[in-house]
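Coordinate inspection notes
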Amino acid sequence: MTAFNSYDDDGRVTMVLMHLQHACEMLLKAVLVQKKAKVFDKGTGRSIGFERCLGLCQANHGLTSDEAGIMRAIDALRDAAQHWFVFVSEDLLYLQTRALITSFDAYLQRLLDDSLVNHIPPRVLPISTMPPGDFEFLVDKEFALVADLLKPGRRARDEARARIRTMLAMEAIVTDEVEISERDIDRIEKAMRGGTKFNAVFPRLATVGTTTDGEGVNLTVHFTKKQGAPVQYVGGDDPAAAAAVREIDLRKKFHLQATHLADKVGLSPPKAKVLRAHLGIDDDPSCTHVFEFGSQKIRCFSDNAVAKMKAALTEVDINELWANRKNTATGALAAG
């Protein structure tokens, strides 16, 4: 609160983002410690990082996807601000800070039976001269401003790219697969210079809205998901002015090759292949993707495939499937 309401603008946004991200990480670690989960890595002897904490709390300790989303977005903004630079408009900073506080307080109350109000000095007066607007309106305004900054003769390219970096970081609200590179920013800049519309450049942000309740110190802000434009995946080197959903997302989602998938499920590769065939895993786009590297094609699998196969093993007798497969093969040879 001291940083957010500071009279000095120099370094203010970076300081706010760093404090918010650190507070989230400490809250997540506090929950893990109270739940007797390990927060130190055996190999390095150091405490686990933010992403690992977020994943553990979301998987095992009641952190909702919406709460994880705003925490991840703040972390992405903090990372961009600390290691390069971003330009976060005041209304978007307020909206995201308020949404983070809403989620932080809700999780603190549910898991640790505590509340932020117990830690705020009675003299504090939260101040904002700009009330929060609708997220869709704010990002649309931001997009229009960036397009204006990129017009010939403006000489404001650095600020425009800093604002693009901020918008990319905000995608973390709806996905855990955010990685910001200069290549992404180059492509988006090119798309915007060519007049491509917001929904085509940032299809993920087009699926985000906000709901607000109360006012003043009781104001709460929640990010919500809504139906947006279709998402188009593009290769990391694709020069086309397409959506900012990169090939890196596919590689992160489909990160398991067949042998690794078998290990995860606890089967030998041949038996895992039989189970995949039984479940239709290789025909399910949410479970598998074929990457092409020149003439080489490699089929990879997502965590969805792991979940479906593990769930099936509670109902399907893999030994019976394996025996049926061998019998079928024997019968085919006899008929031949």
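For the structure, see preceding data.
Residues numbered from 1 in each chain as written. Predicted model: local features only at pLDDT ≥ 70, side-chain atom pairs only at ≥ 80, totals over all residues. Heavy atoms only, no water.

Attention now goes to helix 4 (residues 90–112). Counted at 1.5 Å a residue, the expected span for helix 4 with its 23 residues is 33 Å, and the 32 Å between its end C-alpha atoms agrees. Where burial is concerned, most of helix 4 is hidden: 17 out of the 23 residues are buried. Just past helix 4, the residue Asp 113 takes up positive phi, approximately 55 degrees. (Helix = DSSP H or I, 4+ residues; strand = E, 2+ residues; numbered from the N terminus. Expected span 1.5 Å × (residues − 1). Buried < 20%, exposed > 50% of the residue type's maximum accessible area, 1.4 Å probe, protein only.)

The subject of this paragraph is the packing of helix 4 against helix 5 (residues 135–149). Their axes nearest at 10 Å, the elements helix 4 and helix 5 cross at an angle of 145 degrees. The handedness of the crossing between helix 4 and helix 5 is left-handed. Seen from helix 4, the contacting residues are Asp 91, Leu 92 and Leu 95; seen from helix 5, they are Phe 135, Leu 138, Val 139, Lys 141 and Glu 142. Here the contact of helix 4 with helix 5 is composed, by residue class, of 5 nonpolar, no polar and 3 charged. (Axes fitted to C-alpha atoms, helices over the stretch in contact; angles between N-to-C directions. Left-handed = near helix turned anticlockwise from the far one by under 90°. Contact = heavy atoms within 4.5 Å. Nonpolar A, V, L, I, M, F, W, Y, C, P; charged D, E, K, R; others polar.)

On to the pattern of salt bridges, then. Taken as a whole and assessed by the stated rule, the structure comprises 20 salt bridges. Salt-bridge contacts for Arg 12 lead to Glu 90; the nearest nitrogen and oxygen are separated by 2.7 Å. A residue pair is termed long-range when its members are at least 10 positions apart, and Arg 12 in helix 1 (residues 12–34) and Glu 90 in helix 4 qualify at 78 residues. Ionic pairing is found between Arg 163 and Glu 159, a salt bridge with its closest N-O pair at 3.0 Å. Of this pair, Arg 163 and Glu 159 both sit in helix 6 (residues 157–169), separated by 4 residues, roughly a single helical turn. Judged by its relative accessible area of 28%, Glu 159 falls in the partly exposed class. In the salt-bridge network here, residues are joined through shared partners; they are Arg 157, Arg 161, Arg 165, Glu 182, Asp 186, Glu 189 and Arg 193. (Salt bridge = Lys/Arg side-chain N within 4 Å of Asp/Glu carboxyl O.)

A few words on the side chain of Arg 78. The topology assignment puts Arg 78 in helix 3 (residues 65–83). Given the relative accessible area of 14%, Arg 78 is considered buried. Side-chain polar atoms of Arg 78 contact the side chain of Gln 82, separated by 2.7 Å. Excluding residues that lie within four positions of it along the chain, Arg 78 makes contacts with Leu 17, Met 18, Gln 21 and His 83. (Polar contact = N/O pair within 3.5 Å; in protein donor to acceptor, adjacent residues only side chain to side chain.)

With that settled, the discussion passes to the nonpolar core. Within the largest apolar cluster, 65 residues are counted, with the highest numbers of intra-cluster contacts made by Leu 28, Met 71, Phe 135 and Phe 202. Residue assignment for this core shows that the elements contributing at least two residues are helix 1, helix 2 (50–60), helix 3, helix 4, helix 5, helix 6, helix 7 (182–193) and helix 8 (198–201). Tallying contributions element by element places helix 4 first for this core, with 10 residues. Each residue touching Leu 28, except ones within four places of it in the same chain, is listed here: Phe 50, Cys 53, Leu 54, Cys 57, Leu 63, Met 71 and Tyr 107. Counting residues in each nonpolar core, the second largest holds 17 residues, with Leu 261, Ile 281, Met 309 and Leu 321 among its members. (Core = buried A, V, L, I, M, F, W, Y, C linked by side-chain atoms within 4.5 Å.)

Counted according to the given criterion, the structure contains 4 aromatic pairs. Between the aromatic rings of Phe 143 and Phe 202, the centroid separation amounts to 6.3 Å while the plane-to-plane angle is 90 degrees, which identifies the pairing as edge-to-face. One end of the pair, Phe 143, is in helix 5; the other, Phe 202, is in the loop between helix 8 and strand 1 (208–213), and 59 residues separate them in sequence. For Phe 202, a relative accessible area of 0% corresponds to the buried category. Ring centres of Phe 198 and Phe 202 lie 6.1 Å apart, and the angle between their planes is 35 degrees; on these two criteria the pair is classed as tilted. Here Phe 198 matches Phe 202 in class, with each residue buried. Cluster of aromatic residues (ring-pair linked, three or more members): Phe 143, Phe 198 and Phe 202. (Phe/Tyr/Trp six-rings, centres within 6.5 Å; stacked < 30°, edge-to-face > 60°.)

A word on the packing of helix 1 against helix 4. Contact geometry of helix 1 with helix 4 gives a least axis separation of 11 Å together with a crossing angle of 15 degrees. Relative to helix 4, the element helix 1 is oriented roughly parallel. Considering the relative orientation of helix 1 and helix 4, their crossing is left-handed. On the side of helix 1, the interface is formed by Arg 12, Val 13, Val 16, Leu 17, Leu 20, Ala 23, Cys 24, Leu 27, Leu 28, Ala 30, Val 31 and Gln 34, while helix 4 contributes Glu 90, Leu 93, Thr 97, Leu 100, Phe 104, Tyr 107, Leu 108, Leu 111 and Leu 112. Class assignment for the residues of the contact of helix 1 with helix 4 results in 17 nonpolar, 2 polar and 2 charged. (Parallel < 35°, antiparallel > 145°, perpendicular 65-115°, else oblique.)

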